[in-house]
Amino acid sequence: MDWTSVHTPTVVVLSSSEVELLSEKNGLAFHEMLSAFSNCQIKTHFRSISSHYPLNQLKVRFVRGSELRPRPIAVTEELMKISIIPKKDEEYNTRSAYEAQNVKWYERYRSILQESLLCGEESMTECPSLMMVAISTSDIDPISCFEQLDSSHFLPMSFQSGQYDAGINRYYLLVHDVNSPNAKNVDPDTLCRQMRNKFRNIHCNVLYINSLKEPNLSAPDVWKDSIASVFFPQDAAAISVSSSQNNESGIPKIVRGCYLSVEDMLAIKDLVHQIVIKEVVPAMEKRISTLNVTVTSNRKGVKNVIKSWWRKPREAEDSNSKSSSGFVQYRYDQIENQILTLADASFVMKDYETALSMFKLVKDDFKADKAYLHQGLCYIKIAICNILLDRGDNSESSLRDAYYLFQGAQQGLPGARRKEVTIATRLATHTAFLLADLLSNMNRNKEAAEVLVRASRDESYLSSAVLLEQAAWFYKLHSLDRKFSFHIILSGMKFHSCHIEQHAVRCLTCAQYIYEGTSWLHIKDYLQAHLAKHLPSEGHINQALVNYLNIVGVGRQSAERQAKYIKDFIEIFEANPGSLLQGEEDGCEIKVPNILSQTLQVYDCQNAGVEFYNKEDLMTSEKEMWHSLQCHLEGEYTIHVKNHSNTSGDDGSGNSRLSNLMDECSSKSVEVNENILRSKEREQINYHVIKSIHVVNQYKSSKYDGRVVGEAIVIGFSIQNPLDIPISLEAMQLVASLTGKEEDNGKEGEGESSSRSKCVLAHEFDDEVNSSFLNETVGSSAIILDNRDIHLDPRQRVEINLRICPLKSGKLTISGLRWKLNGKIWSLFSFALQGQLLQDSLEHRAQGERSENTLLSFDILNHLPWISFEMDDELQETILQGEVVKYNCSIRNVGRVATSEMLLKSNVPWVYIGKEPKMSADFDHQGESPSSNLIGCSGTLMKLDQVLESGDKMVLPIWIRGVGGGKQVIKLLLQYTSQDGKVVRYIRQSFEVCVLPSLHMFASVSPYSALSPSEYILSVVLTNFRTNESNEEDYHGTDLVIHETCCLSKAWSCERLLSPPSSTTELNNQKNTQTNILKAKGSIVHYFKLTYCPPTSINNDSVIVALDNTPSTTSQPDSSEKKLNIHSCVAYMCLDDMADKFTRLHEEKRLIRQAQGNDSAPRSVSSVRRERAAGDHNSSSSDDNSIDPHSTHYHPASLKTFCHHYPSDISIVVSWGGHGSNGKSGGGNGSGGGGSASFDLLDDLSMKSCTIQGCHYLSGLSVCPKVKMIKEKQNNTTIAVGCPLSLEINVDSLITHNFSNDNNNDIEDDDGDDEDSSTEALPCVVPISIRITNQQFIGSLPLDFIFEIAEESSDLWSDGSISWLGINQYTIKSLEASETYELTLHVCFPCPGVYELNQFGIRMLNNKSHFFTFPIQTLVTVLNTNN
């Protein structure tokens, strides 16, 4: 802060009325004309008392003679009130006036406050150093005018009262108007010479002005910052009136200097410069020197010090009595005035050392005289000198002493209590500001605020408001928000008392900002009520209305007050019809009703056939399922396109290995899933799926911003009435604009009344309106808007869906809502949506920058198809396990362009789309796909080849095979794209089916005979689990008919056996119907003979297919019999197998990538070793399911691909049929639909046409056990994993033995004595035959193993009471496949009982660490013949 801005040398100007007239032509007074050049750049030295110092710059104050006296308080108050009102060109700022450097009103207030303290007898700073007398050449007898104007009668009041010495230097100036009418009759130079001859001791000069004949209206205003306030306008009124009467130019006063040429301004500048150098500086040097001599002779020295001890104090007089008598307390010739004048003169000329010593010398005299105002000003000057001399330690105490002195002077005035503001009050306020500035620079903001608060208690309302506001901001800087709010509110109320509503509103607004988000509810209501009341007077209608609505919207007022506020609000609004409740410049939300922006949702109806927009949030698991379907679709199709572009074949399999293709597809699906999840977390995208409607919250992905012309967009949100009174909302509608490049789309079609020709309001989107969307029969309308009337009861909350339909292409932007409140006021609400946080740079992250939110922006396209995807109205709700049901769905293109391509994805592998999957007849093309539309490796992705033109419709069959049990949810995801491929849209359909039990199939393989090691018996057990709830013996609705059975393998041929080999010949004569028809809860067994067929080089890739299509009756079946083709059943099995392998591989890839993502933590050595061991185990394993690397590549769902995974196994497929309730429910209640299908005879069942059809299959049934040979890299050895050996124990289950020593069992010893051995038990020794068979596939490597008896084993129950005779281990080498090794063991039973003989195990020679046991039970009962 500039502490000495107003303390400069003063030149008093006495001018005649003619001089003021000449100056008035330029819109200035004469002293104001000189003030613009008063800041002089000079190069001289100033001779002070103690030293000489350079003086490079000096500013001089030119003061009119009438202004050189103390300022009245009333005029000062009016000037302060005018100064704090912001001007039109000033920025309306709600920040602290103290903080803001460009807040002009506060600077003007401080300047007026300082100027109001000038020219008082307490300070001699304004004591003039020169008196300038200005006379015009147009005056009558100018020389006489000089003598008259310089007489004591025209001297200023301060000279007449004795405050200032009238014997100061004079300067006579003759002013000549070059273009005045009498200018030619006057010679100013001659007059100047006459003046110099007569006034030889006075400097005389002439000044030429107004050289321009025409006014320069563009003259620069160099006087803007130099014009001082006028405290005595009554003395200048005569001059202003005379000038207005004689002013013939008619130029506005605001054009300052309009008649001054450049030469005139240079002449004025030279004049002022000469006055400063030749008059002011020498006069100040002379004054300081003369006063120093006087002060030294009167106060310095030992004699004068001793005399001062007996100095008697002067009687202090009342300021009012002094002003009335016209005298001052200290005249210019008294020593106290002379010391004060010397101190102030040194202070003005920046000799702060001399000034400081003089102020300290005279303050004690003022203290003794009880001249508190004089003493307080001395303390202020002492503090300023210390600050400028960098001795600021004592400045605070000096300012505090000055403040207390001024307060004491105020309280010491006559009267018990203060009644009006005096000069002491103004001095105390000025001191408080200085002290607060000093404390603020020392970061002691709280103390500065307390000083200002104390000073505000004695001030007027205006100054008190300014003091309290500054104190509040000091509290804010000290983080005392409550004190800030309290004092800023007090300041606002005092401004309101002064009728300065602009500052009152600003202060209350600052407090309102502080209380936002707090629990000070009553204070917030108080502020809003006052702001709503006072804002209209300042022209802020929008803010007043918003505050009315805010205070009403919170609902904390009573119903009566709410009704009153609503009434006042409507009155203000009707009085100002041009105002908007949602002003662009204010940006405040309207809270009646409350629009819950967090519930805003965009219903993206990508399915043209859906008309319902109900708001139902699905479970998280269901959302993730739809999301997973989309990820799989994108990943599979990406790999398909990549491989299709590199292949020359038509099967779409590519030129890579099948395993690599599936691995790549699964990896791509996992990658796409992770990428979408990452973007979903980053963009905070929240998807809700409602049937086929896609709901987007908060942020919108770029791939969903395309819409079709005529497609309705639905915006859903919630509204709430916060009041205790009902309100009505009429004509609620969306506000939107549609812009485009075309001429007819270039105009905006908004929901405003001015653009009503561009919009159509529809209460319901009925069929007629929907048809008009596509045909554009609505005239020139660009947008169709939904229009709702809503009545809200007190505190009611409702959910609203508003629709908007664009009829032309372009950019559609929804900006907000509008409605008519209570049928009188149009209200507008804008959706303020934030975009996602930008993470592309450190600067954006630090500043929290956000991108633009495009949730409510849509591209309306003409070249985009719009698909309707609907299922049949009558869907079969229940099906049987294995039943194949055909559903129909219709796909229609309601858009204006044809579809590019369509993909359909299902969530389960037992749903097949398009044509029924079917292998070619006789399986002659075993490497082809079962469906021409199938792509990818999951078996659930189909490509629809048909192109739908605009308006075309296709019926798409969907084949569903019942799998599992209970309720099954089937989800279908249809993807279609625009012709350019930039817009991708999805349609979701889901429906439920209930799967009921039907047929259960179990198969087992056993050797055919010991003499035929390459032949096996296949037993297929079929059980009908359908229930007959009617309890009628002759009811056959739940029976199943076995149509065909198929066996698939690469190495085994299959032959149907009507009976097992051990059965009698009577079984061969049984009727076929007994083996092909299954009653409810019944079972049948089919036997097949498996014969090994070694592969050759010719048919190495061929698959052996054995069909059993024995007719179910002796007669020919009906040609109209409906049964499932066995080729379709095989196709279902291949597709399911491919889907299972893809699912397992996808899950493995996901787990691997998840483990890789968690590898940031340090790993142990043991975990690394385990991972390497697992990798070696997987890399060196010879899995039978691996694909031959040299084999020809086939389609992933082909029969040869299926059998490549099971080369030594067989697969069984069974097709069956049955009867349901008219073919609808598929036996939904287990009874086939009741009596709608009845049969008299069992033999007639197969003759009737089956209403249901299905198939079951078993894949991967091992005929021979498998063994894996794994090579360890560390030891370079091969170990066998598994034990493909069978163990057969041949022993009688019942054994009798005489354990006593009777009769023939007596034993004679060597001495001839007979010894009775009846007390000794004779053990029973029994031979046991063991058969060990190598059950491996013929052609496998021989086995080397060890057969041993485990007397104690954790895997087997060991009977320790029996003992084995002979060797317990047998080493068997090179046991070929299908060979049997026999050996005989002897077991000893010690006593009768039941014994377990299975104590045998196998150890492979190359893997002795693992002990293989046989889970068979061999119990032998041993009886004693004597018992």
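Residues numbered from 1 in each chain as written. Predicted model: local features only at pLDDT ≥ 70, side-chain atom pairs only at ≥ 80, totals over all residues. Heavy atoms only, no water.

**Digging into the overall build of the protein**
Heads up, the rule is: Numbered from the N terminus, helices here are DSSP runs of H or I no shorter than four residues, and strands are runs of E no shorter than two. Between two residues, a contact is recorded if the distance between any of their heavy atoms is within 4.5 Å. To be clear on the numbers: accessible area is Shrake-Rupley with a 1.4 Å probe, and residue cover counts the displayed protein chains and nothing else.
In terms of regular secondary structure, the protein is built from 31 helices and 54 strands. Restricting the contact set of the protein to residue pairs at least 6 apart, pairs at least 24 apart contribute 76%. When the accessible surface of the protein is split by element, carbon and sulfur atoms take 49% of a total near 67200 Å².

**Things to note about the packing of helix α19 (residues 481–497) against helix α21 (residues 521–534)**
The criterion, for reference: Between the N-to-C directions of two axes lies an angle of 0 to 180 degrees, each axis being a line fitted to C-alpha atoms and, for a helix, fitted only over the stretch in contact. Each angle is binned into one of four classes, with values under 35 degrees roughly parallel, values over 145 roughly antiparallel, values of 65 to 115 roughly perpendicular, and all other values oblique. Handedness of a helix crossing follows the sense of rotation of the near helix relative to the far helix, less than a right angle counterclockwise being left-handed and clockwise being right-handed. Note on residue classes: Ala, Val, Leu, Ile, Met, Phe, Trp, Tyr, Cys and Pro are nonpolar, Asp, Glu, Lys and Arg are charged, and everything else, Gly too, is polar.
Contact geometry of α19 with α21 gives a least axis separation of 13 Å together with a crossing angle of 25 degrees. Judged by the inter-axis angle, α19 sits roughly parallel to α21. Note on packing geometry: the crossing formed by α19 with α21 is left-handed. Mapping the contact onto sequence places Ile489, Met493 and His496 in α19 and Ile523, Tyr526, Leu527, His530 and His534 in α21. Of the residues that constitute the contact of α19 with α21, the class distribution is 5 nonpolar, 3 polar and no charged.

**Things to note about the packing of helix α14 (residues 372–388) against helix α16 (residues 423–441)**
Between α14 and α16, the least distance of the axes is 11 Å, while the angle of their chain directions is 20 degrees. For the element pair α14 / α16, the angle class is roughly parallel. Our pair here, α14 against α16, has a crossing hand that is left-handed. Taken together, the residues of α16 that come into contact with α14 (itself represented by Leu373, Leu377, Ile380 and Ile387) are Ile423, Ala424, Leu427, Thr431, Leu434 and Leu438. By residue class, the composition of the contact of α14 with α16 is 9 nonpolar, 1 polar and no charged.

**Quick look at the confidence of the model for the protein**
The test is simple: For every residue, the predictor assigns a confidence score, pLDDT, that lies between 0 and 100.
Taken over all residues, the pLDDT of the protein has a mean of 75, while the share at 70 or more is 72%. Mean pLDDT across the secondary structure elements of the protein bottoms out at strand β9 (residues 686–690), with 33, and peaks at helix α17 (residues 445–455), with 93. The model gives residues 94–101 a pLDDT under 50, and that stretch makes 23 contacts with residues more than four places away or in other chains. With pLDDT under 50 throughout, residues 317–321 is counted as low confidence; its partners more than four residues away or in other chains account for 2 contacts.

**Digging into the sheet that holds strand β46 (residues 1324–1334)**
Hydrogen bonds between backbone atoms are what pair the strands of a sheet, whose relative direction is either parallel or antiparallel. Which entries qualify depends on this criterion: Between any two strands, pairing holds if DSSP finds at least two bridges.
If you trace the 4 strands from one edge of the open sheet to the other, you get β42-β46-β50-β48, paired in antiparallel fashion. Pairing within the sheet leaves two strands with one partner each, and these edge strands are β42 (1285–1290) and β48 (1363–1365). Put simply, the sheet's adjacent strands are angled 35 degrees from each other on average, direction ignored. Alignment of β46 against strand β50 (residues 1380–1389), held across 10 bridges, turns out to be antiparallel. Paired with valine 1325 across the strands is cysteine 1388, a residue of β50.

**Considerations on the sheet that holds strand β4 (residues 61–64)**
The 5 strands are arranged β4-β1-β5-β6-β7 in an open sheet whose pairing can be described as parallel. Taken across any chain shown, the strands that pair with only one partner, and hence form the sheet edges, are β4 and β7 (203–209). Sheet twist, expressed as the average angle between the axes of neighbouring strands with direction ignored, equals 30 degrees. In this fold helix α1 (residues 17–24) packs onto β1 (10–15), β4, β5 (130–136), β6 (170–177) and β7, with an angle of close to 80 degrees to the strand it touches most, β5. Of the strands in this sheet, β1, β5 and β6 touch helix α5 (residues 142–149), which is tilted by about 145 degrees from β5.

**Brief notes about the state of the cysteines**
We count it as follows: Note on terminology: pairs of cysteine sulfur atoms within 2.5 Å are recorded as disulfides.
Using the criterion set out here, one finds 0 disulfides in the structure. Cysteine 1388 takes part in no disulfide bond, and the closest cysteine sulfur, belonging to cysteine 1324, lies 7.7 Å away.

**Digging into helix α15 (residues 395–411)**
This is how it is decided: Here a helix's expected span is defined as the number of its residues, less one, multiplied by 1.5 Å. Only protein chains enter the accessibility calculation, which uses a 1.4 Å probe; a residue whose area is less than 20% of its type maximum is buried, one above 50% is exposed, and one in between is partly exposed.
The end-to-end C-alpha distance of α15, which contains 17 residues, comes to 24 Å, matching closely the 24 Å that a straight helix rising 1.5 Å per residue would cover. Of all the 17 residues making up α15, 12 are buried; the element is thus mostly covered by neighbouring parts of the structure. If you check which residues of α15 are buried, you get Ser395, Glu396, Ser398, Leu399, Arg400, Ala402, Tyr403, Leu405, Phe406, Gln407, Ala409 and Gln410. Elements that come into contact with the buried residues of α15 comprise α14, α16 and α17.

**A closer look at the packing of aromatic side chains**
Formally: Any two of the Phe, Tyr and Trp rings considered here, Trp counted by its six-membered ring, make a pair once their centres fall within 6.5 Å; the pair's planes then place it as stacked at under 30 degrees, edge-to-face at over 60, or tilted in between. Charge over a ring is defined by NZ of Lys or CZ of Arg lying within 6 Å of the ring centre and within 35 degrees of the ring normal.
Counted under the stated rule, the structure contains 23 aromatic pairs. Considering the side-chain rings of phenylalanine 146 and tyrosine 172, the 4.9 Å spacing of their centres and the 25 degrees angle between planes classify their relative orientation as stacked. Of this pair, phenylalanine 146 sits in helix α5 while tyrosine 172 sits in strand β6, and the two are 26 residues apart along the sequence. With respect to class, phenylalanine 146 is no different from tyrosine 172; both count as buried. An aromatic cluster is defined as three or more aromatic residues linked by ring pairs; in this entry it consists of Trp105, Tyr106, Tyr109 and Phe433. The positively charged end of lysine 25 is found above the aromatic ring belonging to tyrosine 259, 4.9 Å away from the centroid. It is lysine 476 that lies over the ring of phenylalanine 484; its NZ or CZ is 5.9 Å from the centre.

**Remarks on helix α7 (residues 188–198)**
Defined as follows: The directions considered for the arc are those from the helix axis to the C-beta atoms.
When α7 is considered as a whole, its buried residues turn out to be Pro188, Leu191, Cys192 and Met195. In an axial view of α7, the angular spread of the buried residues amounts to 100 degrees, which keeps them on one side of the axis. Considering only its buried residues, α7 is in contact with α5, β6 and β7.

**What to know about the pattern of salt bridges**
Oppositely charged side chains may form a pair once their charged atoms are brought near each other. Here is the rule: In the sections that follow, a salt bridge refers to a side-chain nitrogen of Lys or Arg positioned within 4 Å of a carboxyl oxygen of Asp or Glu.
A full pass over the atoms with the stated rule returns 31 salt bridges. Between aspartate 333 and arginine 331 there is a salt bridge, with the nearest N and O atoms lying 3.7 Å from each other. What makes arginine 331 partly exposed here is its relative accessible area of 29%. Ionic contacts of the salt-bridge type, sharing partners, join the residues Glu396, Arg400, Arg444 and Glu447 into one network.

**Describing the nonpolar core**
Soluble globular proteins tend to pack their nonpolar side chains together in the buried interior. The criterion, for reference: Side-chain atoms within 4.5 Å are what join buried Ala, Val, Leu, Ile, Met, Phe, Trp, Tyr and Cys residues into a set we call a nonpolar core.
If you look at the biggest cluster of nonpolar residues, it comprises 155 residues, and the most contacted ones within it are Phe30, Met132, Ile268, Met349, Ile488 and Phe495. Beyond its immediate sequence surroundings of up to four residues, isoleucine 488 is in contact with Glu469, Ala472, Trp473, Cys507, Cys510 and Ala511. Within the second largest apolar cluster, 57 residues are counted, among which are Met871, Ile891, Ile987 and Cys1134.

**Points about the pairing of strand β23 (residues 884–893)**
Among the 10 residues that make up β23, 7 are buried, leaving the element largely enclosed by the rest of the structure. In the sheet, strand β21 (residues 867–871) pairs with β23 via 5 bridges, with the strands oriented antiparallel. In the sheet register, phenylalanine 869 faces β23, and the bridge partner there is isoleucine 891. The pairing of β23 with strand β28 (residues 953–961) spans 9 bridges and is classified as antiparallel. The residue bridging cysteine 889 from the neighbouring strand is leucine 956, located in β28.

**A few points about the environment of valine 19**
Along the chain, valine 19 falls in helix α1. In this structure the C-alpha to C-alpha distance between valine 19 and histidine 176, which are 157 residues apart in sequence, comes to 8.7 Å. The contact partners of valine 19, leaving out residues within four places of it in the chain, are Phe30, Ala134, Ile135, Ser136 and Val175.

**Things to note about unusual backbone geometry**
The phi dihedral of cysteine 119 is positive, around 65 degrees, even though this residue is not glycine. With respect to the helices and strands, cysteine 119 occurs in the loop between α4 (104–115) and β5. Accessibility expressed as a relative area gives 2% for cysteine 119, which makes it buried.

**Some details on the side chain of glutamate 279**
Here is the rule we go by: Under this rule, positive means Lys or Arg and negative means Asp or Glu; His and the chain ends count for nothing. Identification of polar contacts relies on pairs of N or O atoms within 3.5 Å, with a donor-acceptor requirement for protein atoms, meaning one able to donate a hydrogen and the other able to accept it, and with residues adjacent in sequence counted only if both atoms are side-chain atoms.
Tracing the chain through its elements places glutamate 279 in helix α9 (residues 262–299). Of the side chains bearing the opposite charge, lysine 278 lies closest to the buried glutamate 279, which forms no salt bridge; the N-O distance is 8.0 Å. For glutamate 279, the side chain forms a polar contact with the side chain of histidine 203, separated by 3.1 Å. Setting aside chain neighbours within four positions, we find glutamate 279 in contact with Leu130, Tyr171, His203 and Gln274.

**Section: a nonpolar patch on the surface**
This is how it is decided: Patches in this entry comprise residues that are over 30% relatively accessible and not in a salt bridge; like charges within 9 Å are linked, as are nonpolar side chains (Val, Leu, Ile, Met, Phe, Trp, Tyr) within 5 Å.
Residues Val302, Val305, Ile306, Trp309 and Trp310 make up a contiguous nonpolar surface patch of roughly 600 Å² in combined accessible area. As for its placement among the helices and strands, valine 302 is situated in helix α10 (residues 302–309).

**Looking at the side chain of threonine 1333**
Tracing the backbone shows threonine 1333 in strand β46. The contact partners of threonine 1333, leaving out residues within four places of it in the chain, are Pro1284, Leu1285, Ser1286, Glu1379 and Thr1380.

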